[in-house]
Amino acid sequence: MTPAPQGFYGSDMSIRSRFFAATYDRFMQDAQEAGLAAMRQQLLADARGDVLEIGAGTGLNLAHYGSDVRTLTLTEPESPMLRRLERRAAELAPEATVLRAPAEDLPFEDASFDTVVSTLVLCGVDDQPRAVREIRRVLRPDGQFLFFEHLRSADPKIARTQNRLNWLNRLVVCCDCNRPTLDTIREVGFDVQAEDTALPKAPPFARPAACGTATYSPILRSGLAASG
Ligand SMILES: C[S@@+](CC[C@H](N)C(=O)[O-])C[C@H]1O[C@@H](n2cnc3c(N)ncnc32)[C@H](O)[C@@H]1O
């Protein structure tokens, strides 16, 4: 397992982090049954080649990877989650590599993966633009970034409510409900194909979500070709 960089995991063993990990599967169960598991299945049907999943949590995606996956690497920065992830991976994907790492600092060479997966992670990373730049860096130029994320609503009225209630979202589920995640992904140089959707069973302000695929934009590709 990769050693944790000093300082990044200051809160790692906090009661909150342990409580979040211990209750996560139960907390998500209604959402899973109300459609989230099916959304995971649909998204991950496209995963292929060498696959990296960031912020893999307790491993709720593991049941959905198919035979197009050649290698599977799972990263997760929080120890209490990581322990659960290791247990579930041992059961469902014993060949997977499980590493402790934050999305902002991925311990991989450039262009290592054909697919990067993020589900419900970019709402909670410390530095979203940096995390997406890392995803781009470790992705091969013909690779794909598959994501399901809850985010800021395109409806200004709902977005205002999200801003007002974000403190509550942070308190209960340790993430932001109002991040402009699709803009961040585009700004880093990806083309995005996404569907507006909803996080099942979430309160209205945390429901707006997007599910999709991001690939290197032609500008990013031509920049790489020019520099390479
Ligand atoms: C809401 S959970 C989602 C877990 C899993 N991806 C899923 O779909 O069920 C958010 C996860 O992101 C992880 N996380 C928090 N900060 C992170 C960071 N900086 N980089 C990567 N993962 C992070 C949390 O530890 C947690 O496992």
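Residues numbered from 1 in each chain as written. Predicted model: local features only at pLDDT ≥ 70, side-chain atom pairs only at ≥ 80, totals over all residues.

### Describing the overall build of the protein
Scanning the protein for helices and strands turns up six helices and seven strands. For 228 residues, the compact-globule estimate of 2.2 N^0.38 gives 17 Å, and the protein sits close to it at 17 Å. In terms of principal-axis extent, the alpha carbons of the protein reach across some 45 × 40 × 35 Å. The buried share among the 228 residues of the protein stands at 38%. Pairs at least 24 apart in sequence give 67% of the contacts found in the protein among residues at least 6 apart. (Helix = DSSP H or I, 4+ residues; strand = E, 2+ residues; numbered from the N terminus. Rg over C-alpha atoms; globule rule 2.2 N^0.38 Å. Buried ≥ 20, exposed ≤ 12 C-beta atoms within 10 Å, placed from the backbone. Contact = placed C-beta atoms within 7 Å.)

### Concerning the site of the ligand
Around the ligand sit 19 residues, and of these Gly55, Gly57, Glu78, Ala103 and Thr119 come closest. Looking at side-chain class alone, the shell around the ligand contains ten nonpolar, five polar and four charged residues. (Near = placed C-beta within 6 Å. Nonpolar A, V, L, I, M, F, W, Y, C, P; charged D, E, K, R; others polar.)

### So, the pairing of strand 5 (residues 139-150)
Burial runs high along strand 5: nine of the twelve residues are buried. As paired elements, strand 4 (residues 113-119) and strand 5 share six bridges and run parallel to each other. In the sheet register, Thr115 faces strand 5, and the bridge partner there is Gln144. In this fold, strand 4 hands off to helix 3 (residues 128-138), which returns the chain to strand 5; that crossover is right-handed. The pairing of strand 5 with strand 7 (residues 208-216) spans six bridges and is classified as antiparallel. Across the sheet, the residue bridging to His150 is Ala209, located in strand 7. (Pairing = 2+ DSSP bridges. Right-handed = clockwise from strand over helix to strand, strands pointing away.)

### Points about the environment of Thr58
Relative to the assigned elements, Thr58 resides in the loop between strand 1 (49-53) and strand 2 (69-75). Residue Thr58 is classed as buried on the basis of its 20 C-beta neighbours within 10 Å. Considered as a pair, Thr58 and Phe20 are 38 residues apart in the sequence and their alpha carbons are 11 Å apart.

### Brief notes about the environment of Gln29
Residue placement: Gln29 occurs in helix 1 (residues 15-44). The exposure class assigned to Gln29 is partly exposed, which follows from the 13 C-beta atoms found within 10 Å. In sequence terms Gln29 and Leu72 are 43 residues apart; their C-alpha atoms lie 24 Å from each other.

### Section: the environment of Asp25
Structurally, the position occupied by Asp25 is in helix 1. The sequence separation of Asp25 and Ile135 amounts to 110 residues, and the corresponding C-alpha distance is 26 Å.

### Quick notes on the sheet that holds strand 3 (residues 97-99)
Paired through their backbone hydrogen bonds, the strands of a sheet run either parallel or antiparallel. The strand order across the open sheet built from seven strands is 3-2-1-4-5-7-6, with neighbouring strands paired in mixed fashion. The sheet is open, and its two borders are formed by strand 3 and strand 6 (190-198), each paired with just one other strand. Geometrically, the sheet is characterised by an average inter-axis angle of 15° between neighbouring strands, direction not taken into account. (Axes fitted to C-alpha atoms, helices over the stretch in contact; angles between N-to-C directions.)

### Re the confidence of the model for the protein
Per-residue confidence for the protein gives a mean pLDDT of 93; residues scoring 70 or more make up 94%. Between the elements of the protein, mean pLDDT differs from a low of 74, seen in helix 6 (residues 218-227), to a high of 99, seen in strand 1. Across residues 1-12 the pLDDT falls below 50, and counting only partners more than four positions away or on other chains, this stretch makes 16 contacts in the model. (pLDDT = per-residue confidence, 0-100.)

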